[in-house]
Amino acid sequence: SFNPVAICVMDPSGHEIVTKRMDGCPAMVYPKISHAKANTCVSTKSSSRAYGAKYLKGADGGEVGPSTFARVINQISIVGGDMAAFQGGIIVKEKSSGDIVGSVGVSGAAGDEDEFCALEGVKQCSMAMELSTVPDNHSCKTAKL
């Protein structure tokens, strides 16, 4: 089973709708990280995993140079540290129009597990049939469905 997590849901403008944390999830850090992951998604119109991959991995999958790394650090600094360049944040879209309707950020477990929880949360919600996510599938190797 995964560690207890915090979840943040945002509207497409980056306004927090709700943040919740499970019993046993540390109160200070993980709600803030889940917020940063959700904010990254609506700010960049991509998952937090994709944002990180854009700046932290080269086209060949190797390490990026110092100028690229400095660019992402500066971007995160400009927004007061409220972005995250690692997995756990997903985009939520309306299926029929493709419009972004919000984002979900999860933190507290391993990154792939955080992303899995965000995706599953959307898939289990009452509006799931009307929504799609980016990414559309998880990469979690520890999930037991």
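**Some thoughts on the sheet that holds strand β3 (residues 89-94)**
What links the strands of a sheet is backbone hydrogen bonding, and the strands pair in either a parallel or an antiparallel sense.
Working step 1: The strand order β2-β1-β4-β3-β5 describes an open sheet built from five strands, whose pairing is antiparallel. The sheet is open, and its two edges are formed by β2 (16-21) and β5 (131-134), each paired on a single side. Ignoring which end each strand starts from, the neighbouring axes of this sheet average 20° apart.
Working step 2: Pairing of strand β1 (residues 6-10) with strand β4 (residues 100-107) involves five bridges; the strand directions are antiparallel. Among the inter-strand pairings, M10 is bridged to a residue of β4, identified as S103.
Working step 3: Along the sheet face, helix α1 (residues 29-44) touches β1, β2, β3 and β4 and points at about 150° away from the line of β4.
Working step 4: The strands touched by helix α4 (residues 111-124) are β3, β4 and β5; relative to β4, the strand with the most contacts, the crossing angle is about 140°.

**Considerations on the pairing of β4**
Across a regular strand the side chains alternate sides, sitting on one face of the sheet and then on the other.
Working step 1: Buried residues dominate β4, accounting for six of its eight residues.
Working step 2: Relative to β4, β3 runs antiparallel, the two sharing five bridges. Within β4, the residue paired with G89 across the bridge is G105.
Working step 3: Where β3 folds back onto β4 in an antiparallel hairpin, the turn is made up of five residues, including G98, whose phi is positive at roughly 80°.

**Notes on the side chain of S103**
Working step 1: You can see S103 is positioned in strand β4.
Working step 2: Ignoring any residue separated from it by four or fewer positions in sequence, one finds S103 in contact with C8, V9, M10, A38, C41, V42, I90 and V92.

**So, the pattern of salt bridges**
Working step 1: Applying the stated criterion across every chain yields a total of three salt bridges.
Working step 2: Across the salt bridge formed by K37 and D114, the nearest N and O atoms sit 2.8 Å from each other. Of this pair, K37 sits in helix α1 while D114 sits in helix α4; the two residues are 77 residues apart in sequence, bridging distant segments of the chain. Pair check on accessibility: K37 and D114 agree, each one buried.
Working step 3: Residues R49 and E115 are paired through a salt bridge, measuring 3.0 Å at the closest nitrogen-oxygen approach. Of the two residues, R49 is situated in helix α2 (residues 48-56) and E115 in helix α4; the sequence distance between them amounts to 66 residues.
Working step 4: According to the relative accessible area criterion, E115 is buried, its value standing at 0%.
Working step 5: Put simply, R49, D112 and E115 are held in one network by salt bridges that share partners.

What counts and what doesn't
- Residues numbered from 1 in each chain as written.
- Predicted model: local features only at pLDDT ≥ 70, side-chain atom pairs only at ≥ 80, totals over all residues.
- Heavy atoms only, no water.
- Pairing = 2+ DSSP bridges.
- Helix = DSSP H or I, 4+ residues; strand = E, 2+ residues; numbered from the N terminus.
- Axes fitted to C-alpha atoms, helices over the stretch in contact; angles between N-to-C directions.
- Contact = heavy atoms within 4.5 Å.
- Buried < 20%, exposed > 50% of the residue type's maximum accessible area, 1.4 Å probe, protein only.
- Salt bridge = Lys/Arg side-chain N within 4 Å of Asp/Glu carboxyl O.

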